[in-house]
Amino acid sequence: MHFTPLAYLDPGSGSILIQLIVAAVLAIGVALRASWGSIMKLFGKGKTDEQNDDDAE
Amino acid sequence: MPNNNAHAASFRDPSGFLFSRGGILHRQVNRAGADDYARFMESGLYEKLVKANLLIPHAEVDEKPADESLAFKVIRPERVAFISYPYEWSFSELKDAALATLSIQRRALKAGMSLKDASAYNIQFVNGKPTLIDTLSFEIYKEGKPWDAYRQFCQHFLAPLALMSLVDIRLGQLLRVYIDGVPLDLASKLLPFSTRFNFGLLTHIHIHASAQVRYADSASQRVSESTSGRGMSKNGFIGLIDSLETTVKKLTWKPAGTEWGNYYEITNYSDAGFAHKKEIISGWLTKLAPKSIWDLGANNGEFSRLASGAGVSALAWDIDPSAVEQNYLRLKSEKEQNLLPLLLDLTNPSPALGWDNAERDSLAQRGPADAVFALALIHHLAISNNVPLPRLADFFAGLSRWLIIEWVPKSDSQVQKLLRTRKDIFETYTREGFESAFGTRFHIRESVDVRESERRMYLLEKRD
């Protein structure tokens, strides 16, 4: 994998490693949530993207 | 980038820098940052963020670049009324700045961009809301790439918030010592053992800190290649942001055991006296029509609001984290404008910090204000901190042309309280002594006794 260009801040090797591991675990939850969201949308109960944007505030 | 008026704090990122010309602040976008900037503008992310009050708006201008050899464009960001620093923020101010940063990153990811830094210094309070001021913080997102700013986010936001919430509110002051945020190994050492049972704090602080120590000597490229080979999926990235957000949101702090919490109930002002004091200040504000005021020792901002309510940009400084917190929570719930509560120990005000002592300005460097309030303050400085009155006059003269100051005589019960446990060495602490000390630096333009009180209000103008 190539992460080019390199960051202007040193991201730190340990910091990259730990986030890769945490992200790998958490990705599962996000994927499940996304598919659950699309199932709910089929039934017209899901949130729209715009609503999600507002949630982020 | 010397000799081109580049801002002293703007040198790290090769994609551009701030410079000032003719008193106006500009940002040069370098060719090195051209692609990222162009995509940022075209993707619609800029508009979305500005609309959500999460980013400072700017205009592209036809201005000569400060360094033509590097230049792509020059933009002019909207001016921020006052630059404050994370070590001057209350708990909720820092927390809201953290959540704003995550919210920006979430929107950026949706637009195919990502924040390449997560510095708390890139956030400023504009009309009471945390707002990103660095337009060049965005880069084009590449699937698989981890978040370069992850460490910075944890150091600038998560670690100090956790320490303030779970150990002691005063640990927020570590940000004043560590310019790039609280070192994670230090945070890990200081946090109680129980935080290891909190998934967010366990991973983002404790394990993160150990990983930093353990892999300090490995190249980051090698580390990421040796893990999965595919890097961090977008879902993983979103999961990471979610996790940071949940962790931050769960950190709370209740302003309790406050130094001033019920101050207005324990003052010796009668209702009529309190109303009269307000009336005097409002009258002088109308007369002076200042654009900005600093209320020093503002407590929860009762008097600052006389200014901010009249459209004057007001900073409400206080030494007590509880007072600043309550003030901020109130302005937030009432959606007030023109007011910013900030933390400050006047006996040791924010110094100039960072590289060459020039990255962060001292309190005085960020002045002058058009007017300064020093209400029910003088006895704390002159008696609790032993500052002689002439030195106090010098100090205030360095901050503002106009000074609205309240004289609190020795016979006042608040002063008596301060003297109860110590020797009275303050022979010159008299009204005459005050007028003569301040008279050398200021003209006394007006003075009025506050009704039903021993205190007296002064309107002073600095001598040229």
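The rules behind each value
Residues numbered from 1 in each chain as written. Chains lettered and ligands numbered in written order. Predicted model: local features only at pLDDT ≥ 70, side-chain atom pairs only at ≥ 80, totals over all residues. Heavy atoms only, no water. Helix = DSSP H or I, 4+ residues; strand = E, 2+ residues; numbered from the N terminus. Expected span 1.5 Å × (residues − 1). Buried < 20%, exposed > 50% of the residue type's maximum accessible area, 1.4 Å probe, protein only. Contact = heavy atoms within 4.5 Å. Polar contact = N/O pair within 3.5 Å; in protein donor to acceptor, adjacent residues only side chain to side chain. Domains from an automatic or database assignment. Buried area = accessible area lost by both parts, 1.4 Å probe. Salt bridge = Lys/Arg side-chain N within 4 Å of Asp/Glu carboxyl O. Nonpolar A, V, L, I, M, F, W, Y, C, P; charged D, E, K, R; others polar. Axes fitted to C-alpha atoms, helices over the stretch in contact; angles between N-to-C directions. Parallel < 35°, antiparallel > 145°, perpendicular 65-115°, else oblique. Left-handed = near helix turned anticlockwise from the far one by under 90°. Pairing = 2+ DSSP bridges. Patch = residues over 30% accessible without salt bridge, like charges linked within 9 Å, V, L, I, M, F, W, Y side chains within 5 Å. Areas by Shrake-Rupley, 256 points an atom, 1.4 Å probe, with all protein chains shown as cover. Phe/Tyr/Trp six-rings, centres within 6.5 Å; stacked < 30°, edge-to-face > 60°. Lys NZ or Arg CZ within 6 Å of the ring centre and 35° of its normal.

**Student:** I'm lost on unusual backbone geometry in this one. Help?
**Tutor:** Glycine aside, a negative phi is what most residues show, and trans is what most peptide bonds show. Residue and element names in this part refer to chain B. For the bond running from G367 to P368, omega is -5°, close enough to zero to count as cis. Counting through the fold element by element, P368 comes out in the loop between β11 (339-343) and β12 (369-374). Located in the positive-phi region is K335, a residue other than glycine, with phi close to 50°. Positive phi is not limited to glycine here, since A376 has a value of about 45°.

**Student:** I tried to follow helix α13 (residues 321-333) of chain B on my own but got confused; where do I start?
**Tutor:** Since the α-helix advances by 3.6 residues per turn, residues separated by three or four positions end up pointing in the same direction. Residues and elements named next belong to chain B. Taking 1.5 Å as the rise per residue, α13 with 13 residues should run 18 Å; its terminal C-alpha atoms sit 18 Å apart, in good agreement. Every buried residue belonging to α13 is among S322, A323, V324, E325, N327, Y328 and L331, and all of these are buried. Where α13 is buried, its residues touch α3 (91-110), β6 (123-126), α12 (304-308), β10 (313-318) and β11. Regarding α13, its N-cap is D320, as a side-chain oxygen of that residue lies 3.0 Å from the backbone nitrogen of S322 further along.

**Student:** Where do I start with the domain arrangement of chain B in this structure?
**Tutor:** Interface size, as often reported, equals the accessible area lost upon joining of the parts. All names here are of chain B. Domain parsing of chain B yields domain 1 (16-77), domain 2 (86-250) and domain 3 (263-462). Summed over both partners, the interface of domain 2 with domain 3 buries about 1700 Å², with 50% contributed by carbon and sulfur atoms. A salt bridge links R366 to E88, with the nearest nitrogen and oxygen atoms 2.7 Å apart. Between domain 2 and domain 3 we count nine residue pairs in polar contact (both at pLDDT 80 or more) in total. The dominant element in the side of domain 2 that touches domain 3, judged by the number of residues it contributes, is α3, at four residues. Taken together, the residues of the side of domain 2 that touches domain 3 break down into seven nonpolar, five polar and four charged.

**Student:** How do you make sense of the packing of helix α4 (residues 150-166) of chain B against helix α9 (residues 234-250) of chain B when you look at a structure like this?
**Tutor:** When two helices pack together, their arrangement is captured by the angle between the axes and the distance separating the axes. Residue and element names in this part refer to chain B. It is the contact of α4 with α9, at a shortest axis distance of 11 Å, that shows an interaxial angle of 15°. If you check the angle between α4 and α9, you find them roughly parallel. Crossing geometry of α4 relative to α9 is assigned as left-handed. On α9, the residues that touch Y150, F153, C154, L158 and L161 of α4 are L240, L244, T247 and V248. For the contact of α4 with α9, the class distribution of residues is eight nonpolar, one polar and no charged.

**Student:** Looking at this structure, how should I read the pattern of salt bridges?
**Tutor:** Side chains bearing opposite charge may pair, as long as their charged atoms lie close to each other. All names here are of chain B. Taken as a whole, this structure holds 30 salt bridges over all chains when the rule is applied. Between E245 and K249 there is a salt bridge, with the nearest N and O atoms lying 3.8 Å from each other. Of this pair, E245 and K249 both sit in helix α9, four residues apart, which is roughly one turn of that helix. The residue E406 makes a salt bridge to K277 at a minimum N-O spacing of 2.7 Å. In this pair, E406 sits in strand β13 (residues 400-407) while K277 sits in helix α11 (residues 271-288), placing the two residues 129 residues apart along the sequence.

**Student:** Quick question: what am I supposed to make of the pairing of strand β14 (residues 442-449) of chain B here?
**Tutor:** All names here are of chain B. The pairing of β14 with strand β15 (residues 456-462) spans seven bridges and is classified as antiparallel. Along β15, the bridge assignment pairs E446 with L459. Joining the antiparallel neighbours β14 and β15 is a turn of six residues, in which E452 adopts a positive phi near 50°.

**Student:** Would you explain the sheet that holds strand β4 (residues 71-77) of chain B in this entry?
**Tutor:** Whenever strands of a sheet pair, they do so through backbone hydrogen bonds, lying parallel or antiparallel. Residues and elements named next belong to chain B. On the basis of which strands lie adjacent, the open sheet formed by four strands has the order β1-β2-β4-β3 and antiparallel pairing. Two strands lie at the open edges of the sheet, namely β1 (16-21) and β3 (58-60), each paired on one side alone. Between one strand and the next, the sheet's axes are offset by a mean angle of 35°, whatever the strand orientation. As paired strands, β1 and strand β2 (residues 24-30) are joined by six bridges and run antiparallel to one another. When the bridges of β2 are listed, G16 appears paired with V29.

**Student:** Teacher, can you tell me more about the packing of α3 of chain B against α9 of chain B here?
**Tutor:** Residues and elements named next belong to chain B. Here α3 crosses α9 at 165°, and the two axes come no closer than 10 Å. Comparing the axis directions of α3 and α9 gives the class roughly antiparallel. Crossing of α3 against α9: the hand is left-handed. In contact with K95, A98, L99, L102, Q105, R106 and L109 of α3, α9 contributes K234, F237, I238, I241, D242, L244, E245, V248 and K249. Classifying every residue of the contact of α3 with α9 by side-chain character gives nine nonpolar, one polar and six charged.

**Student:** Honestly, a nonpolar patch on the surface in this entry has me stumped. Any pointers?
**Tutor:** On the surface, W36, I39, L42 and F43 of chain A cluster together to form a nonpolar patch covering roughly 520 Å² of accessible area. Relative to the helices and strands, W36 of chain A resides in helix α1 (residues 13-42).

**Student:** Just to check I follow, could you spell out the packing of aromatic side chains for this structure?
**Tutor:** Aromatic rings in a pair are described by how distant their centres are and how their planes are angled relative to each other. Residue and element names in this part refer to chain B. Overall, the coordinates contain 24 aromatic pairs over all chains when judged by the stated rule. Aromatic side chains W89 and F125 sit 5.2 Å apart centroid to centroid with 85° between the ring planes, which places their arrangement in the edge-to-face category. Here W89, found in the loop between β4 and α3, pairs with F125, found in strand β6; they are 36 residues apart in sequence, far enough to count as distant. F125 matches W89 in its accessibility class, with the two residues each being buried. Put simply, the rings of F395, F396, W407, Y429, F434, F438, F442 and Y458 touch in pairs and so form one group of aromatic residues. Positioned above the aromatic ring of Y121 is the side chain of R360, whose terminal nitrogen or guanidinium carbon lies 3.8 Å from the ring centre. One residue, R456, lies across the ring of Y458, its end atom 5.8 Å from the ring centre.

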